Amino acid sequence: MASKRLFVSTLLVILMLGLASSSPQAYKFIVGGKDGWVLSPSENFNHWAERHRFQVNDTLLFKYKKGSDSVLVVTKEDYFSCNTKTPKQSLTDGDSIFKFERSGPFFFISGNAENCQKGQKLIVVVLAVRSKTQHTPPSEAPPSPSSSAPSPLVADPPAVSPSPLSDLDTNAPSQPPLPRENSAARGSDVGLLAFICTVISIGASTAVLGNFVV
């Protein structure tokens, strides 16, 4: 009996760990990589952004020398004109963290207007939260006077959305962003749950056979 209880306890631990690993995780991205928030990074900030996938609850870390620079969250118009007078938010502590509370585009510029004009600015597009969409069947067309058979149903083709970052900044490359780093756990919930269910089924069968044997 003790071995059976240990087996059941082990299954429960596996189930809990599996569910924890399959839950969505938030990530912290250091803007500009090892260079940080500087005037002339080794890689253009928008090129850096296109190599990542950003989701709601992720955070950006801007690393710079406190007192010598800052980060301004601005509108699209202020981004392109490098207007530092009316920011939506100002970050000045040197290790500034910004959390994405919604999906859509975000615009960041240097607090130094001259640095902004030289390219120290960033656009980040946060992916929309995925939800299960309900598809309603298309209405049946009225029958033709010359035929009693109903017209076939035709569904609208899926719409293809253009790259949002390319629309916002004509200098940014048009290729789609690469897969999100260290986020292979996302999208694997179905396979993981199937594996856990298989293990539990085997364990339950083993326990039942053990009762008959004992």
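Note that the structure is predicted; figures quoted are calculated from it, not measured.

What to know about the nonpolar core
As a rule of thumb, soluble globular proteins bury nonpolar side chains together. With 21 residues, the main nonpolar core has Phe-54, Leu-60, Phe-62, Phe-100, Phe-108 and Leu-122 as its most contacted residues. Broken down by secondary-structure element, the contributors of at least two residues to this core are helix H2 (45-50), strand E2 (59-63), strand E3 (71-74), strand E6 (104-110) and strand E7 (121-126). Counting residues in each nonpolar core, the second largest holds eight residues, with Leu-72, Val-74, Phe-107 and Ile-109 among its members.

Some words on the sheet that holds E6
The strand order across the open sheet built from four strands is E4-E3-E6-E7, with neighbouring strands paired in antiparallel fashion. Of all strands in the sheet, those bounded by a partner on one side alone are strand E4 (89-91) and E7. The average undirected angle you get between the axes of adjacent strands in this sheet is 25°.

Structural notes on the pairing of E6
Of all seven residues that make up E6, six are buried, and the element is covered over most of its length. The pairing of E3 with E6 spans four bridges and is antiparallel. Pairing of Val-71 across the sheet is with Ser-110, part of E6.

Parameters at a glance
- Residues numbered from 1 in each chain as written.
- Predicted model: local features only at pLDDT ≥ 70, side-chain atom pairs only at ≥ 80, totals over all residues.
- Heavy atoms only, no water.
- Core = buried A, V, L, I, M, F, W, Y, C linked by side-chain atoms within 4.5 Å.
- Buried < 20%, exposed > 50% of the residue type's maximum accessible area, 1.4 Å probe, protein only.
- Helix = DSSP H or I, 4+ residues; strand = E, 2+ residues; numbered from the N terminus.
- Pairing = 2+ DSSP bridges.
- Axes fitted to C-alpha atoms, helices over the stretch in contact; angles between N-to-C directions.

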